Amino acid sequence: MNYEIFNLWPVPIYRKNIGMNKEHEDIVKDYKWKKMKSGSGHVTETLSILEDDRLADLKQSIIGAVDEFANSHYKVKNKFKTIASWALKTEPQEIAGFGEYHNHSNCVLSASYYFTRTPESGGISFERNLTMNPLIAPNFEFEVEEETLDNTSYVNLEPVTGDLLVFPSYLYHKPIQNMSNQDRLSLGCNLFPQGLSYRS
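Residues numbered from 1 in each chain as written. Predicted model: local features only at pLDDT ≥ 70, side-chain atom pairs only at ≥ 80, totals over all residues. Heavy atoms only, no water.

Brief notes about the packing of aromatic side chains
Scanning the entire structure with this criterion turns up five aromatic pairs. Arranged with centres 5.1 Å apart and planes meeting at 75 degrees, the rings of phenylalanine 126 and phenylalanine 167 form a pair that is edge-to-face. Of this pair, phenylalanine 126 sits in strand β6 (residues 124-127) while phenylalanine 167 is found in strand β8 (residues 163-168), placing the two residues 41 residues apart along the sequence. For the pair shown, phenylalanine 126 and phenylalanine 167 are each scored as buried. (Phe/Tyr/Trp six-rings, centres within 6.5 Å; stacked < 30°, edge-to-face > 60°. Helix = DSSP H or I, 4+ residues; strand = E, 2+ residues; numbered from the N terminus. Buried < 20%, exposed > 50% of the residue type's maximum accessible area, 1.4 Å probe, protein only.)

Structure representation (structure tokens):
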């Protein structure tokens, strides 16, 4: 039987290794931290960490990669700017951040950047949004003979040192537990396009 599949509006996640500068990592470690209100781990007290002039090179690399993703993949000409940026620190055996799937509905793109890591540091998990891209029909659990990207509810990615992930902000995600014997350090940011016009 011959048939054709049209994958309409798939959700892309951009991954690029932009390298890691130990000096940037030390600057971030030196920030003031506070315990997360929900979940475990610590977040920087400032939510504008990429406005630090000492991290200008890192910010430029992140913005350049985001613009590359938007332009190369979506053919979008708008340039992006950060509207919030923070760092997360997760101790061994901790689950960073909220501990639950969440999204960033107040922006367009979000990014996660990863400092020094080991294979046990724990990556990031993305959850299928059933109302956006259901498996046949939302609110039903089907029996599948093999798990694929078309039927799975969750996809885990394991970044390496220097990796940057960029994804649509509506995509639900959460950090995976840090199973290493050292602190895990990552940086997150939300981005918004410049010169954006709205459709009603």
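What follows continues from the structure just given.
As for helix α1 (residues 22-29)
For α1, the full list of buried residues reads His24, Glu25, Ile27 and Val28. For α1, the angular spread of buried residues about the axis comes to 160 degrees, placing them on one side. Between the side-chain oxygen of the N-cap and the backbone nitrogen of glutamate 23 there are 2.8 Å, and the N-cap of α1 in question is asparagine 21. (Arc of directions from axis to C-beta. Polar contact = N/O pair within 3.5 Å; in protein donor to acceptor, adjacent residues only side chain to side chain.)

Some details on the nonpolar core
Within the largest apolar cluster, 27 residues are counted, with the highest numbers of intra-cluster contacts made by Val28, Ile49, Ile62, Val166, Leu187 and Leu191. Contributions of two or more residues to this core are made by α1, α2 (56-74), β4 (80-90), β5 (109-114), β8 and β10 (184-193). A per-element tally of this core places α2 first, with seven residues. If near-sequence neighbours (up to four positions away) are discounted, leucine 191 is found in contact with Ile63, Val66, Phe80, Lys81, Thr82, Ile83, Cys107, Val108, Leu109, Ser110 and Ala111. (Core = buried A, V, L, I, M, F, W, Y, C linked by side-chain atoms within 4.5 Å. Contact = heavy atoms within 4.5 Å.)

A few points about unusual backbone geometry
Here lysine 75, not a glycine, exhibits a phi torsion of approximately 65 degrees, which is positive. One can find lysine 75 in the loop between α2 and β4. If you check the backbone angles, glutamine 93 has positive phi at about 75 degrees while not being a glycine. For glutamine 93, the position within the fold is in the loop between β4 and β5.

Side note on the sheet that holds strand β1 (residues 14-17)
Taken in spatial order, the seven strands make up an open sheet running β1-β8-β5-β10-β4-β3-β2, and their pairing is antiparallel. Of all strands in the sheet, those bounded by a partner on one side alone are β1 and β2 (33-35). Strand-to-strand twist across the sheet, computed as the mean angle between neighbouring axes with direction ignored, equals 25 degrees. In terms of strand pairing, β2 meets strand β3 (residues 42-44) through three bridges, oriented antiparallel. The partner of lysine 34 across the bridge, within β3, is valine 43. Sitting on the sheet, α1 is in contact with β2, β4 and β10, with an inclination near 90 degrees to β10. Sheet strands in contact with α2 are β1, β4, β5, β8 and β10, and its direction is about 120 degrees off that of β4. (Pairing = 2+ DSSP bridges. Axes fitted to C-alpha atoms, helices over the stretch in contact; angles between N-to-C directions.)

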